[in-house]
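# Survey of secondary and tertiary structure
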Amino acid sequence: MVALTFDPFREMDRLTSQMLGGPAARGPRWMPMDLYRVEDHFVVAVDLPGVDPGSIDLNVDGNTLTIRAERSVRTDEAVQWLAQERPAGSFLRQLNLGDGLDVERIQASYDAGVLTVTIPVAEKARPRRITVETGGTGATQIQGDVVQGEVTS
């Protein structure tokens, strides 16, 4: 027993896809991602289940990170599709990277259908402590909006 739900919009998309040449006729699809920062690097986690790791292509051009991947459709002639909801074909995502990132040290790994890209913050863009020398005997340190030090007369 197979339980299927009918969605008229999905059915219209399927019919349109068949009339226009199938899934390959569409442009690259979008892929969901999470983006977060951990200490001195950013992490991009992109969902790519069922993608052959060899088809994943990461490219940095200037300040643009481009992620491309390909998921193939089963093409056996004996296959009779009952439902085909998982998108196949090309996937594309582009991210604009800020100037404070070290694009030379970007790393990527693919595990359990998730592509993880680690983008380090450039050394020059990391927060740092600045020591302010005074005419007195003690040094003053500035960290954020707080000034620490000693006042001598």
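Model, not experiment: these values are computed from the prediction.

Moving on: the overall build of the chain. Check the secondary structure of the chain and you find 1 helix and 10 strands. Reading the secondary structure of the chain in the N-to-C direction produces α-β-β-β-β-β-β-β-β-β-β. The buried share of the chain, reckoned over its 153 residues, is 23%. When contacts within the chain are restricted to residue pairs at least 6 apart in sequence, those whose partners lie at least 24 apart make up 45%. Total accessible area computed for the chain in this model is approximately 11,500 Å², and 51% of it derives from carbon and sulfur atoms.

This paragraph deals with the environment of L58. Considering the arrangement of structural elements, one finds L58 in strand β3 (residues 57-61). The residues touching L58, leaving out its near neighbours within four places in the chain, are T66, I67, A108, L115 and V117.

Strand order across the open sheet formed by 4 strands is β1-β2-β7-β6, with antiparallel pairing between neighbours. Whereas interior strands pair on both sides, the edge strands pair on one side only; in this sheet they are β1 (33-38) and β6 (107-111). Strand-to-strand twist of the sheet, defined as the mean angle between neighbouring strand axes without regard to direction, takes the value 15°. Pairing between strand β2 (residues 41-47) and strand β7 (residues 114-120): 7 bridges, direction antiparallel. When the sheet's bridge partners are listed, V43 is paired in β7 with T118.

A separate point is the nonpolar core. The biggest cluster of nonpolar side chains holds 18 residues, and the ones touching the most others in it are V46, L48, L65, L115, V117 and I119. Every element with two or more residues in this core is listed here: β2, β4 (64-71), β5 (89-96) and β7. With near-sequence residues (within four places) excluded, V117 lies in contact with F42, V43, V44, L58, L65, I106, Q107 and A108.

So, about unusual backbone geometry. Backbone geometry places E39, a non-glycine residue, at a positive phi of 50°. Following the sequence through the fold, E39 ends up in the loop between β1 and β2. The phi angle at A112 is positive, at roughly 55°, despite the residue not being glycine. Here A112 shows up in the loop between β6 and β7.

Further remarks concern the pairing of β7. In this sheet, β7 lies alongside β6 in antiparallel orientation, the contact comprising 5 bridges. Across the sheet, the residue bridging to S109 is T116, located in β7. Between the end of β6 and the start of β7, which pair antiparallel, lie 2 residues, with A112 showing a positive phi angle near 55°.

Here is what the cut-offs are and how they apply
One numbering rule holds for all chains: residues counted from 1, following each sequence as written. Under the rules for a predicted model, residues below a pLDDT of 70 receive no local features and side-chain atom pairs below 80 are neither given nor counted, while totals for whole chains, interfaces and linings still include all residues. Hydrogen atoms and water are omitted, and side-chain values are computed over all heavy atoms in the structure. Working definition: helices are DSSP H or I runs of at least four residues, strands are E runs of at least two. Numbering for both runs from the N terminus. Buried residues are those whose accessible area, probed at 1.4 Å on protein chains only, stays under 20% of the maximum for their type, while exposed residues exceed 50% and partly exposed ones sit between those limits. Throughout, a residue-residue contact means that at least one pair of heavy atoms, one from each residue, lies within 4.5 Å. Residue exposure ignores everything except the shown protein chains as possible cover, and the areas themselves are Shrake-Rupley values with a 1.4 Å probe. Only strands joined by at least two bridges in the DSSP assignment are considered to pair. Axis geometry follows a simple rule: fit a line to the C-alpha atoms, using only the stretch in contact for helices, then measure angles between N-to-C directions, giving values from 0 to 180 degrees. Throughout this description, the term nonpolar core refers to a set of buried Ala, Val, Leu, Ile, Met, Phe, Trp, Tyr and Cys residues connected via side-chain atoms within 4.5 Å.

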